[in-house]
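Examination of the molecular architecture
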Amino acid sequence: MTTPENIHQYISEGMACEHLKVDGDGHHFEAVIVSRQFEGKRPIQRHQLVYAVLGDRMRQEIHALSMSTLTPDEWAARGSK
């Protein structure tokens, strides 16, 4: 069974993240991903970057992933650390 820790590892190995948090119950997952790679990109482009990192796992292991994809400036503006 896929765990939040597995998804955290997959994302962190595939892209540089300033902050990464993944929660879930084994079927449905939520991720907060903060990366400079998102700068200048629309939300759909940001999600596509993450999907590219996860590759075939999105079809085989991960069935539902909700993402909040933010730049470091957007993250800071939310008052998050």
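Going by the structure above, here's the rest.
These remarks concern the structure in this document. (Residues numbered from 1 in each chain as written. Predicted model: local features only at pLDDT ≥ 70, side-chain atom pairs only at ≥ 80, totals over all residues. Heavy atoms only, no water.)

**Brief notes about the nonpolar core**
- Counting residues in hydrophobic clusters, the biggest one holds 15 residues, and the most contacted among them are Ile 11, Ile 33, Val 50, Leu 54 and Leu 65.
- Put simply, the parts of the chain that give this core at least two residues each are helix H1 (4–14), strand S1 (19–24), strand S2 (28–34), helix H2 (43–54) and strand S3 (64–70). (Core = buried A, V, L, I, M, F, W, Y, C linked by side-chain atoms within 4.5 Å. Buried < 20%, exposed > 50% of the residue type's maximum accessible area, 1.4 Å probe, protein only. Helix = DSSP H or I, 4+ residues; strand = E, 2+ residues; numbered from the N terminus.)

**Some words on the side chain of Arg 46**
- With respect to the helices and strands, the residue Arg 46 is situated in helix H2.
- Here Arg 46 is in contact with Phe 38, Lys 41, Thr 69, Leu 70, Thr 71 and Glu 74, once residues within four sequence places are set aside. (Contact = heavy atoms within 4.5 Å.)

**Side note on the pairing of S2**
- Pairing geometry for S1 and S2, over six bridges, is antiparallel. What sits directly across from Leu 20, in S2, is Ile 33.
- Counted between consecutive antiparallel strands, the loop separating S1 from S2 contains three residues, among which Gly 26 sits at a positive phi close to 100°.
- Summarising the sheet, S2 and S3 pair through seven bridges and their orientation is parallel. Bridge pairing in S3 places Ile 33 opposite Thr 69. (Pairing = 2+ DSSP bridges.)

**A few points about the pattern of salt bridges**
- Tallied over the entire structure, the rule returns six salt bridges.
- Among the ionic pairs, Glu 74 bridges to Arg 46, the shortest N-O distance being 2.8 Å. Here Glu 74, found in helix H4 (residues 72–77), pairs with Arg 46, found in helix H2; they are 28 residues apart in sequence, far enough to count as distant.
- With a relative accessible area of 32%, Glu 74 lands in the partly exposed category.
- The shortest N-O distance in the salt bridge between Asp 56 and Arg 59 comes to 2.2 Å.
- Where salt bridges share partners, they join Glu 18, Arg 36 and Glu 39 into one cluster. (Salt bridge = Lys/Arg side-chain N within 4 Å of Asp/Glu carboxyl O.)

The analysis is restricted to geometry; functional conclusions fall outside its scope.
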